[in-house]
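Coordinates in review
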Amino acid sequence: LTSSQASPGLYVIHIAAEMAPVAKVGGLGDVVTGLGKALQKKGHLVEIVLPKYDCMQYDRIRDLRALDVTVESYFDGKLFQNKVWVGTVEGLPVYFIEPHHPNKFFWRGQCYGEHDDFKRFSFFSRAALELLLQAGKKPDIIHCHDWQTAFVAPLYWDLYAPKGLNSARICFTCHNFEYQGSASASELASCGLDVQQLNRPDRMQDNSANDRVNPVKGAIVFSNIVTTVSPTYAQEVRTAEGGRGLHSTLNFHSKKFMGILNGIDTDAWNPATDTFLKVQYSANDLQGKAENKAAMRRHLGLSSADDRQPLVGSITRLVPQKGMHLIRHAIYRTLEMGGQFVLLGSSPVAHIQREFEGIANQFQNHDHIRLILKYDESLSHYIYAASDMFIIPSIFEPCGLTQMIAMRYGSVPIARQTGGLKDSVFDVDDDTIPHQFQNGFTFMTPDEQGVNSALERAFNLYKHDKASWQRLVQKDMNIDFSWDSSASQYEELYAKSVARARAAASHT
Ligand code: ADP
């Protein structure tokens, strides 16, 4: 196993189920890479541990090679071998764990959505810690993410710190409290955790069923630092309406809990260098943006008769959280108001996918509407660049990245005021907000009138005040959404936690 060289900064290891671009399902993948790169740039030593999925984008991993030792890890009363691979993704060193378990945990053609996800990811969490122990690593911070690697927190303190992997503080980030991974308490035993000890109200017991355990709750209880992905969402989840059953746990542990707004990877999302685009452009050269709009209209077979016809974009998972019914409404309302609409989305839920396929078929050869129902990274870049406006009518939104990417590409956001959207989109007509921060159109009530009010104001400005619209586009493109300031906040949390641990150790 490779050992890690000394570094003047902190040594941070992320254990995660996703990492962009090799294994990305949603925002989590972007965060692991974006935060990792930003911390590395600040002089910290950052490593990532991922499952070795069969469905990864292997062409985006540099120098992938298998290590010549295997790591043996416990599962369901037996020991299994894991082959460990190392490679570099976006300049970050990554360990990939390939379990030699007969259930072929990560050989399923998809990252999530399998009947045994609880077992697959509790296995992975333990194998990742086993790798760190056997490699003799001494990280300052082990950072785990979402329920899939939430098991790391109790495993670390109950099993691995006593075995000698005890240099680290544990940071847990929950990217979405909707997904908690609860399961029957007995399932916890397969990764070697003590069900009796942990299925208690003050530990991992689910707050709504005493025969179930909740990995996210476990990570809140057992981690030293708990974060979520925006300050507003951090407040929302501490209320009974927003906490999905965990508000009392979060309130009890509020001292170690905080919301930090995600950044975006401004290298990957840069209209001035983006090779997915027809033409690169910048805030000082918006002609390039117009050319992308024209090219995309041709590419999708939309009418090009009027260059001043506003184009509204939407790129999203089609799930209730994203306000799909409001997206559907926005398509029809845009058409009524004389605009064009392009939706790129896909749904893990079969009946939702079918419903949108119905709408897509209805508009198959339409001059002004196009729905593309798949996951397509290159088309997503093109839509951000080509659209004038970008709609995000989420019912709740922990952080949301699309509003920030849209602004970087000069597409003005129309967003519901919730979670991270509320922390990043500020209404141009709200006099209580200083002018320099106003950057989009917002609405509060998640209904059709709410969408209409914001969409109509956006169309009005676009159609009747071209100069103001252009200034707004340029202002949005110049906002700094890089990871720089968010990574500094994580850095500070890490450093304080490490300092506290060292101070406590020196007193014993
Ligand atoms: P979530 O993590 O809830 O899906 P975020 O806004 O945090 O939402 O992140 C969504 C990310 O996924 C963005 O980078 C967005 O561009 C991308 N994305 C969503 N749907 C698609 C799609 N159908 N094709 C390509 N990229 C998509």
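Residues numbered from 1 in each chain as written. Predicted model: local features only at pLDDT ≥ 70, side-chain atom pairs only at ≥ 80, totals over all residues. Heavy atoms only, no water.

Side note on the site of the ligand
Near the ligand there are 19 residues, and of these G27, R317, K322, Y384 and L401 occur at the shortest range. A distance of 3.1 Å separates an oxygen atom of the ligand from a polar side-chain atom of K24. When the ligand sits alone it has 570 Å² of accessible area, and the protein chains cover 92% of it. When contributions to the shell around the ligand are tallied by element, the ones reaching two or more residues are α1 (27-41), β12 (311-317), β13 (340-346), α12 (377-386) and α13 (402-408). By residue number, the principal contributor to the shell around the ligand is β12, which donates three residues. Looking at side-chain class alone, the shell around the ligand contains six nonpolar, seven polar and six charged residues. Here the shell around the ligand spans two domains, since at least three of its residues come from each of domain 1 (11-263 + 485-501) and domain 2 (287-480). (Near = heavy atom within 4 Å. Polar contact = N/O pair within 3.5 Å; in protein donor to acceptor, adjacent residues only side chain to side chain. Areas by Shrake-Rupley, 256 points an atom, 1.4 Å probe, with all protein chains shown as cover. Helix = DSSP H or I, 4+ residues; strand = E, 2+ residues; numbered from the N terminus. Nonpolar A, V, L, I, M, F, W, Y, C, P; charged D, E, K, R; others polar. Domains from an automatic or database assignment.)

A few points about the domain arrangement of the chain
As far as domains go, the chain holds domain 1 (11-263 + 485-501) and domain 2 (287-480). Summarising the inter-unit geometry, the C-alpha centres of domain 1 and domain 2 are found 33 Å apart. The tally of links from domain 1 across to domain 2 stands at one salt bridge. The closest approach of N and O atoms between E377 and R60, which form a salt bridge, is 4.0 Å. Taken together, the links from domain 1 to domain 2 amount to seven residue pairs in polar contact (both at pLDDT 80 or more). (Salt bridge = Lys/Arg side-chain N within 4 Å of Asp/Glu carboxyl O.)

Overview of the environment of P8
Following the sequence through the fold, P8 ends up in the segment before β1 (11-15). Accessibility expressed as a relative area gives 87% for P8, which makes it exposed. (Buried < 20%, exposed > 50% of the residue type's maximum accessible area, 1.4 Å probe, protein only.)

Topic: the pattern of salt bridges
By the definition in use, this model includes 22 salt bridges. The shortest N-O distance in the salt bridge between D63 and R62 comes to 3.3 Å. Measuring nitrogen to oxygen at the nearest pair gives 3.0 Å for the salt bridge that ties D140 to R502. Placement of the pair is D140 in the loop between α2 (117-134) and β6 (141-145) and R502 in helix α17 (residues 484-506), with a sequence separation of 362 residues.

Comments concerning the sheet that holds β13
With parallel pairing, the six strands of this open sheet are ordered in space as β14-β13-β12-β15-β16-β17. Taken across any chain shown, the strands that pair with only one partner, and hence form the sheet edges, are β14 (369-372) and β17 (441-443). This sheet shows a mean twist of 15° between the axes of neighbouring strands, independent of strand direction. As judged from the four bridges shared by strand β15 (residues 389-392) and strand β16 (residues 412-416), these two strands associate in the parallel manner. (Pairing = 2+ DSSP bridges. Axes fitted to C-alpha atoms, helices over the stretch in contact; angles between N-to-C directions.)

Focus on the side chain of Q340
Mapped onto the elements, Q340 comes out in strand β13. Relative accessible area serves as the criterion here: at 0%, Q340 is assigned to the buried category. Not counting chain neighbours up to four residues away, the residues in contact with Q340 comprise R297, L302, S303, Q309, P310, L311, V312, T334, D367 and H368. (Contact = heavy atoms within 4.5 Å.)

With respect to the sheet that holds strand β7 (residues 169-174)
With mixed pairing, the nine strands of this open sheet are ordered in space as β3-β4-β5-β2-β1-β6-β7-β10-β11. The sheet is open, and its two edges are formed by β3 (62-75) and β11 (257-259), each paired on a single side. Strand-to-strand twist of the sheet, defined as the mean angle between neighbouring strand axes without regard to direction, takes the value 25°. Here α1 sits on the sheet and contacts β1, β2 (45-51), β5 (92-99) and β6; the angle it forms with β5, its principal contact strand, is near 140°.

Looking at the packing of aromatic side chains
Counted by the stated rule, this structure contains 22 aromatic pairs. Seen in terms of ring centroids, Y384 and Y409 are 6.1 Å apart; in terms of plane orientation they differ by 40°. Their pairing is tilted. Of this pair, Y384 sits in helix α12 while Y409 sits in the loop between α13 and β16, placing them 25 residues apart in sequence. Accessibility classification places Y384 together with Y409 in one group, the buried group. An aromatic cluster is built from Y53, F75, F105, F106, Y112, F118, F121, F123, F124, W147 and F151, whose rings are joined through pairwise contacts. Taking the ring centre of W85 as reference, the NZ or CZ of K52 above it sits at 4.4 Å. Looking at R244, its charged tip hangs above the ring of F396, at a distance of 4.7 Å from the centre. (Phe/Tyr/Trp six-rings, centres within 6.5 Å; stacked < 30°, edge-to-face > 60°. Lys NZ or Arg CZ within 6 Å of the ring centre and 35° of its normal.)

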